[in-house]
Amino acid sequence: MNDIFGKIVSFFLASVILFGLPLVYMNERAKTAQQLFLLTEATGFVDGVCNTGRIDQTALQQFYDTIGGGNDYIDISITHVTREHVYNETLERYELCERWFDEEDIFEKVSGGGEYLFMRGDFLRVKLQRKGGFRIPGVPADNTVNISYGGTVKYEAF
């Protein structure tokens, strides 16, 4: 009886090692490839915006279509930070303040064919995070693909 139990345990152990571990390895390689793809797309979008200082509806829609074209749900967050000097009447001096705009503000401007314009020195950040995709029932969702890329607007497109 001990011999049969040992053979059954060794069979299950061998099946996990021979079939389960390669699946885990292939999943890690797929996540690495997806992360590289998302980083490439985010870099191209942010660098294009930083060079021209503007976002139009076609560029934004193309970025969202490219990122959201797969079968995974990618959460996209675009943030625009601008600095401005505001006069403080109680201290009687100008102070440097930051204003934050998110993708809702950008969509509002570009809807209907408009453009969202940046000032020189503004900062643009794009964050991408995988929120879904293929899931094995009973296993928690894997949200380990995260990309954050940003840059300062320079107006260098000649």
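Below is a short write-up of the structure. (Residues numbered from 1 in each chain as written. Predicted model: local features only at pLDDT ≥ 70, side-chain atom pairs only at ≥ 80, totals over all residues. Heavy atoms only, no water.)

**Quick word on the sheet that holds strand E6 (residues 146–152)**
As a reminder, the rule being used: DSSP calls a pair of strands paired once it identifies at least 2 bridges connecting them. The way it works is that DSSP assigns letters per residue, a run of H or I at least four long becomes a helix, a run of E at least two long becomes a strand, and they are numbered from the N terminus. The axes are straight lines fitted to the C-alpha atoms, using for helices just the contacting stretch, and the angles between their N-to-C directions are given from 0 to 180°.
Within the open sheet, the 4 strands sit side by side as E3-E2-E5-E6. Their pairing is antiparallel. Edge positions in the sheet fall to strand E3 (93–102) and E6, since each of these pairs with one other strand and no more. Averaged over neighbouring strand pairs, the angle between their axes works out to 15° when direction is ignored. Pairing geometry for strand E2 (residues 74–88) and strand E5 (residues 123–130), over 8 bridges, is antiparallel. Within E5, the residue paired with Val81 across the bridge is Phe123.

**Structural notes on the pattern of salt bridges**
As a reminder, the rule being used: Between Lys or Arg on one side and Asp or Glu on the other, a salt bridge is scored when a side-chain nitrogen of the former is within 4 Å of a carboxyl oxygen of the latter. Burial status follows relative accessibility: with a 1.4 Å probe on protein chains alone, a residue under 20% of its type maximum counts as buried, one over 50% as exposed, and anything between as partly exposed.
Within this structure, the stated rule accounts for 6 salt bridges. Its salt-bridge partner being Glu115, residue Arg54 comes within 3.2 Å of it at the nearest N-O pair. Of this pair, Arg54 sits in strand E1 (residues 54–56) while Glu115 sits in strand E4 (residues 115–117), and the two are 61 residues apart along the sequence. Relative accessible area serves as the criterion here: at 38%, Glu115 is assigned to the partly exposed category. Measuring nitrogen to oxygen at the nearest pair gives 3.5 Å for the salt bridge that ties Glu98 to Arg83. With Glu98 in strand E3 and Arg83 in strand E2, this residue pair connects regions lying 15 residues apart in the sequence.

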